[in-house]
Amino acid sequence: YQIKRSGRNGVRRFDAALDEELERTTLLTREFQSALPRGQLSMMYQPIYHLESGELCKVEALLRWTHPEFGAISPSTFIPMAEASGQIMPVGGWVLEQACMQAWRWHQDHGWDGTVTVNVSPVQFAQPNFVDEVRQALLLSGLPARRLELELTEGAVMQHPALVQAALHGLRRLGAEITIDDFGTGYSSLAYLRDLPIGCIKIDRSFIEDLASPRRAPQYAVALITAIVSIARTLDLQVVAEGIETQAQLEAVRGFGCDFAQGYFLARPIEAQRLSELLDSARPGAQPTPSQQLN
Ligand code: C2E
Ligand code: MG
Ligand code: MG
Ligand code: MG
């Protein structure tokens, strides 16, 4: 009888927690509907450095939501909600425009000729007019297509193979590049790397983390990263190592032959204005920059 009772209580507690979670999701989803018109969304930009030259070659655009009452809410929380509610469509379009306009401004004001990378949700990719939306953002901003890279996860590729294939070829015709984000975590087939027009892969942060983890055998991470780089070389893909938090990780991924590195050790996501300052200071004769840690 006692076991039964505690079991029932357990169920009730679980239900209560679930209710709370559901309530929070419903509330945040509703609040997110008006986040864009209320000016609560903003972009941050994180530098990606070329390992050989130390140059700031790419910048990843990352969306931020600051709610007046709840404060900063993580994209890992609100992106899935926005995907479920359909809000990701207008918001994703806005992100694309912001990122393209900003990248072109950095070109005009600071002579930067790098690439901006934009995360794209599978829900956006599955829209038949997605390629048109990208074309519009490029036209509106003036950014040449080759300066835009779209980041897609393996899961997205697997979720809608036919739609994604059509969209990827459309994007390639435009001249934009495609990166596979969080590579190695998607439980997907490798064949798509061969069959789809992909230019770059980003090794997932968890592999980089394992390099320094005492809990997991670092030799596995070494073997996996080495294998990923080898596949990339064979297929003529660029490789980015993300989540670099220490000098040791930086040296390690350089040793493995990765092309680019991104992470808190090099630079955190920053506001557009601060990235402008970084671009100015990176000019010859200026103060040392974080990118010089690379050499
Ligand atoms: P992601 O595309 O893999 O982006 C990298 C995430 O890792 C970012 O988190 C970034 O701030 C974080 N990061 C960068 N360097 C380091 C590091 O050295 N250590 C650690 N621990 N983290 C690092 P963020 O900005 O919270 O974004 C989380 C995810 O939300 C992104 O993962 C992406 O999947 C999604 N996301 C962000 N912005 C957008 C967007 O505009 N559209 C869509 N669809 N998704 C987005
Ligand atoms: Mg990304
Ligand atoms: Mg990633
Ligand atoms: Mg990630």
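The protein chain is annotated in an unreviewed UniProt entry as Diguanylate cyclase/phosphodiesterase from Deinococcus aerolatus.

Colleague: I'd like a description of the pairing of strand 5 (residues 148-153), backed by residues and values.
Modeller: Of all the six residues making up strand 5, five are buried; the element is thus mostly covered by neighbouring parts of the structure. In the sheet, strand 4 (residues 115-119) pairs with strand 5 via four bridges, with the strands oriented parallel. Across the sheet, residue N119 finds its bridge partner in strand 5, namely E151. The pairing of strand 5 with strand 6 (residues 177-183) spans five bridges and is classified as parallel. Residue L150 lies in a different strand from strand 6, and its bridge partner there is I178.

Colleague: Please give an account of the coordination of the magnesium ion (ligand 2) that cites residues and values.
Modeller: Taken together, the protein ligands of the magnesium ion (ligand 2) are E60 (OE), N119 (OD1), E151 (OE) and D181 (OD), with distances of 2.0 to 2.2 Å. Of note, the magnesium ion (ligand 2) draws all its donor residues from one chain, in the sequence arrangement E-x58-N-x31-E-x29-D. Separating the magnesium ion (ligand 2) from the magnesium ion (ligand 3) is a gap of 4.0 Å, which D181 spans by donating to each of them. With E60 in strand 2 (residues 56-67) and D181 in strand 6, the pair connects residues that are 121 residues apart, well separated along the chain. Like D181, E60 is buried.

Colleague: An account of the layout of surface pockets is needed here, citing residue identities and associated values.
Modeller: Put simply, the largest pocket is a space of about 1100 Å³. At the level of secondary structure, the elements contributing two or more residues to the lining of the largest pocket comprise strand 1 (41-50), strand 2, helix 2 (75-85), helix 3 (88-110), strand 4, helix 4 (122-125), strand 5 and strand 6.

Colleague: I'd like to hear about the site of ligand 1, residue by residue, with values.
Modeller: Surveying the vicinity of ligand 1 reveals 23 residues, the closest of which are N119, D181, R205, E245 and Y264. Interatomic distance of 3.1 Å between a side-chain N/O atom of E60 and an oxygen atom of ligand 1. Here ligand 1 loses 85% of its free accessible area of 800 Å² to cover by the protein chains. Put simply, ligand 1 lies in the largest pocket. Going through the elements one at a time, strand 2, helix 2 and strand 6 are the ones with two or more residues in the shell around ligand 1.

Colleague: Please set out helix 7 (residues 161-174) residue by residue, giving values where relevant.
Modeller: In an α-helix there are 3.6 residues to a turn, and that puts residues three or four apart on one side. Relative to the 20 Å expected for 14 residues at 1.5 Å per residue, helix 7 spans 20 Å between its end C-alpha atoms, a close match to the ideal helical length. Of all the positions in helix 7, only V164, A167, L168, G170 and L171 are classed as buried. Down the axis of helix 7, the buried set is contained in an arc of 165°. They therefore lie on one face. Away from its buried face, by an angle of more than 90 degrees, helix 7 presents the exposed residues A162 and R173. With its phi angle positive at about 115°, G175 sits one or two positions after the end of helix 7.

Colleague: I'd like to hear about the side chain of Q87, residue by residue, with values.
Modeller: Of note, Q87 is situated in the loop between helix 2 and helix 3. Relative accessible area serves as the criterion here: at 14%, Q87 is assigned to the buried category. A polar atom in the side chain of Q87 sits 3.5 Å from the backbone oxygen of Q33. With sequence-adjacent residues up to four places away left out, Q87 is seen in contact with F32, Q33 and A82.

Colleague: Could you give me a rundown of the nonpolar core, with the residues and numbers involved?
Modeller: Formed by 80 residues in total, the largest nonpolar core has its most connected members in F125, L148, L150, L171, I201 and I203. The biggest single contributor to this core is helix 3, with 10 residues. Discounting chain neighbours no more than four positions away, the residues touching I201 are I180, F183, L193, I228, A232, L237, Q238, V239 and V240.

Colleague: An account of the side chain of Q40 is needed here, citing residue identities and associated values.
Modeller: Positionally, Q40 belongs in the loop between helix 1 (2-33) and strand 1. Among the polar contacts made by the side chain of Q40, one reaches the side chain of W65 at a distance of 2.9 Å. Aside from chain neighbours lying at most four places away, what touches Q40 is A35, R64, W65, T66, H67 and P68.

Colleague: Describe the coordination of the magnesium ion (ligand 3), listing the residues and the values that go with them.
Modeller: Note on the magnesium ion (ligand 3): its protein donors are D181 (OD), D182 (OD), E242 (OE) and E242 (OE). The metal-donor distances range over 2.2 to 2.5 Å. Along the chain, the residues donating to the magnesium ion (ligand 3) are arranged with the sequence spacing D-D-x59-E. The class of D182 is partly exposed, set by a relative accessible area of 25%.

Colleague: Hey, could you go over the environment of M81 for me, with residue numbers and the actual values?
Modeller: For M81, the position within the fold is in helix 2. Classification of M81 by relative accessible area gives buried; the value is 12%. As for M81 and S281, which are separated by 200 residues in sequence, their C-alpha atoms are 39 Å apart. Those residues in contact with M81 that lie beyond four places of it in its chain are T25, L28 and T29.

Criteria and cut-off values
- Residues numbered from 1 in each chain as written.
- Chains lettered and ligands numbered in written order.
- Predicted model: local features only at pLDDT ≥ 70, side-chain atom pairs only at ≥ 80, totals over all residues.
- Heavy atoms only, no water.
- Buried < 20%, exposed > 50% of the residue type's maximum accessible area, 1.4 Å probe, protein only.
- Helix = DSSP H or I, 4+ residues; strand = E, 2+ residues; numbered from the N terminus.
- Pairing = 2+ DSSP bridges.
- Donors = N, O, S within 2.8 Å, 3.2 Å for Na, K, Ca; no water.
- 1 Å grid on protein atoms, 1.4 Å probe; cavity = no way out; pocket = protein on both sides within 12 Å on 5 of 7 lines; lining within 4 Å.
- Points joined across faces, edges and corners; volume = space filled by probe spheres on them.
- Near = heavy atom within 4 Å.
- Polar contact = N/O pair within 3.5 Å; in protein donor to acceptor, adjacent residues only side chain to side chain.
- Areas by Shrake-Rupley, 256 points an atom, 1.4 Å probe, with all protein chains shown as cover.
- Sits in = over half its atoms within 2 Å of the grid points.
- Expected span 1.5 Å × (residues − 1).
- Arc of directions from axis to C-beta.
- Contact = heavy atoms within 4.5 Å.
- Core = buried A, V, L, I, M, F, W, Y, C linked by side-chain atoms within 4.5 Å.

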